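Tertiary structure, described
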Amino acid sequence: MKRRHFLQLSGTALAANTIGRYAVATPATAGDAADSAAFLAARRFAELSFGRIAYVERGAGPAALFLHGAPLNGFQWRGAIARLDSERRCIVPDFMGLGYSEIPAQQPLTAGAQCAMLVALLDQLKVEKADVIASDSGGAVAQLLAARHPERVRSLLLSNCDTEPNSPPKGVLPVIEMARAGTLADDTAKWLSDPALARATFGAAVFHDPSRFTKKTIAYYVEPLVSSPLRRAQYHAFHVALDPNPLTGIESVLRRSRIPVRMVWGASDTIFPLADAEYLHRIFPRSQGIRRIPEGKLFFQEEFPGIIAEEARRLWQLA
């Protein structure tokens, strides 16, 4: 029963010249192989006190920081940065416990620790302020960053993510339970040998068109999570750290925020409903409203990167 809940309901539990323009238009094609190879070639590491933080950097100009969801990594934003790197210095890190960041065993993986890591990363990259674009659990970290370090955030574009009243969301509780039981990594690893299962379950839950969850994309997301006993333990620890609510008490701070904020929301998502976007619109004084994507599910950002780019440009004009 727990495994079925994870696979069907979870929305969270899952060289510069070569990086080019990522082929991410729907439907997914064999271009995903080139995309993953290019993203791999562009990967860098920042040596921080938190560990070796993997990130991709592309473009020039004012900085834009892209924060991914779970169990994904920065590859989630390949289409958006391909459309925005002509006007922004796009910085796309992998969170601790996900993706390709290499973290010591004792490092906490809470949202608060992730927020502190991002500040250290921005410092090392000599970025004083960034436009932040975030999804899913990355949206919770983005809100913490806006609350604790508002001077580092120029604007905030949020898509289907945690809010104080809905963190962790009910649909993710079975995933957290699996992480506590130590079975989550084993279930996720099955996607590598059975991509059809991954598409029929997780893919169908988070994408409008599950066919875009190709074998290469699955491998890019899943392989680092299950590559060693330490990485499996950290994958579990990341999810366990989602509970208790990392956003408790944040609303009063965000109500005083002066950061321009825009919500772009997949209206077909069952994890973070439109009510979450409406809540964010109410509490941020400089909210620029909500754009609803009727067919969008949790990770619509991969399928409709042009919409993310369009809304980012619109918001940046106000920042």
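Note: the structure precedes this text.
Below, the structure is looked at part by part. Note that the coordinates shown come from a computational prediction; the quantities given were computed from them, not determined experimentally. (Residues numbered from 1 in each chain as written. Predicted model: local features only at pLDDT ≥ 70, side-chain atom pairs only at ≥ 80, totals over all residues. Heavy atoms only, no water.)

**Quick notes on the overall build of the protein chain**
Helices and strands together make up the secondary structure of the protein chain, namely 15 helices and eight strands. Across the 319 residues in the protein chain, those meeting the buried criterion constitute 60%. Of the roughly 11,500 Å² of accessible surface on the protein chain, a fraction of 54% belongs to carbon and sulfur atoms. (Helix = DSSP H or I, 4+ residues; strand = E, 2+ residues; numbered from the N terminus. Buried < 20%, exposed > 50% of the residue type's maximum accessible area, 1.4 Å probe, protein only. Areas by Shrake-Rupley, 256 points an atom, 1.4 Å probe, with all protein chains shown as cover.)

**Re the pairing of strand S6 (residues 153-161)**
Extensive coverage of S6 is indicated by the burial of eight of its nine residues. Bridge count for strand S5 (residues 130-136) against S6 is seven bridges, and the pairing is parallel. Counterpart to Ala 134 in the pairing with S6 is Leu 158. Between the parallel elements S5 and S6, the chain passes through helix H6 (residues 137-148) in a crossover that is right-handed. Sheet analysis places S6 next to strand S7 (residues 261-266), joined by three bridges and oriented parallel. Opposite Leu 156, over in S7, you have Val 261 as the bridge partner. (Pairing = 2+ DSSP bridges. Right-handed = clockwise from strand over helix to strand, strands pointing away.)

**A word on the pattern of salt bridges**
A complete count under the given rule lists 20 salt bridges for this structure. Among the ionic pairs, Glu 57 bridges to Arg 89, the shortest N-O distance being 2.5 Å. One end of the pair, Glu 57, is in strand S2 (residues 51-58); the other, Arg 89, is in strand S4 (residues 89-93), with 32 residues separating them in the sequence. We classify Glu 57 as buried; its relative accessible area is 16%. Arg 152 is the partner of Asp 123 in a salt bridge, and the nearest nitrogen-oxygen pair spans 2.9 Å. With Asp 123 in helix H5 (residues 111-124) and Arg 152 in the loop between H6 and S6, the pair connects residues that are 29 residues apart, well separated along the chain. The class of Asp 123 is partly exposed, set by a relative accessible area of 44%. Relative accessible area serves as the criterion here: at 11%, Arg 152 is assigned to the buried category. (Salt bridge = Lys/Arg side-chain N within 4 Å of Asp/Glu carboxyl O.)

**A few points about the sheet that holds S5**
The strand order across the open sheet built from eight strands is S1-S2-S4-S3-S5-S6-S7-S8, with neighbouring strands paired in mixed fashion. The open sheet has two edge strands with one neighbour each: strand S1 (44-48) and strand S8 (287-293). Adjacent strand axes in the sheet meet at a mean angle of 20 degrees, parallel and antiparallel pairs treated alike. Where strand S3 (residues 63-67) meets S4, three bridges bridge the pair, whose relative direction is parallel. The residue of S4 that forms the bridge with Ala 64 is Cys 90. In this fold helix H15 (residues 305-316) packs onto S3, S5, S6, S7 and S8, with an angle of close to 145 degrees to the strand it touches most, S6. (Axes fitted to C-alpha atoms, helices over the stretch in contact; angles between N-to-C directions. Contact = heavy atoms within 4.5 Å.)

**Description of the side chain of Ser 137**
Checked against the element boundaries, Ser 137 lands in helix H6. Ser 137 sits in the buried class, given a relative accessible area of 7%. Each residue touching Ser 137, except ones within four places of it in the same chain, is listed here: His 68, Gly 69, Ala 70, Asp 162, Phe 238 and Leu 242.

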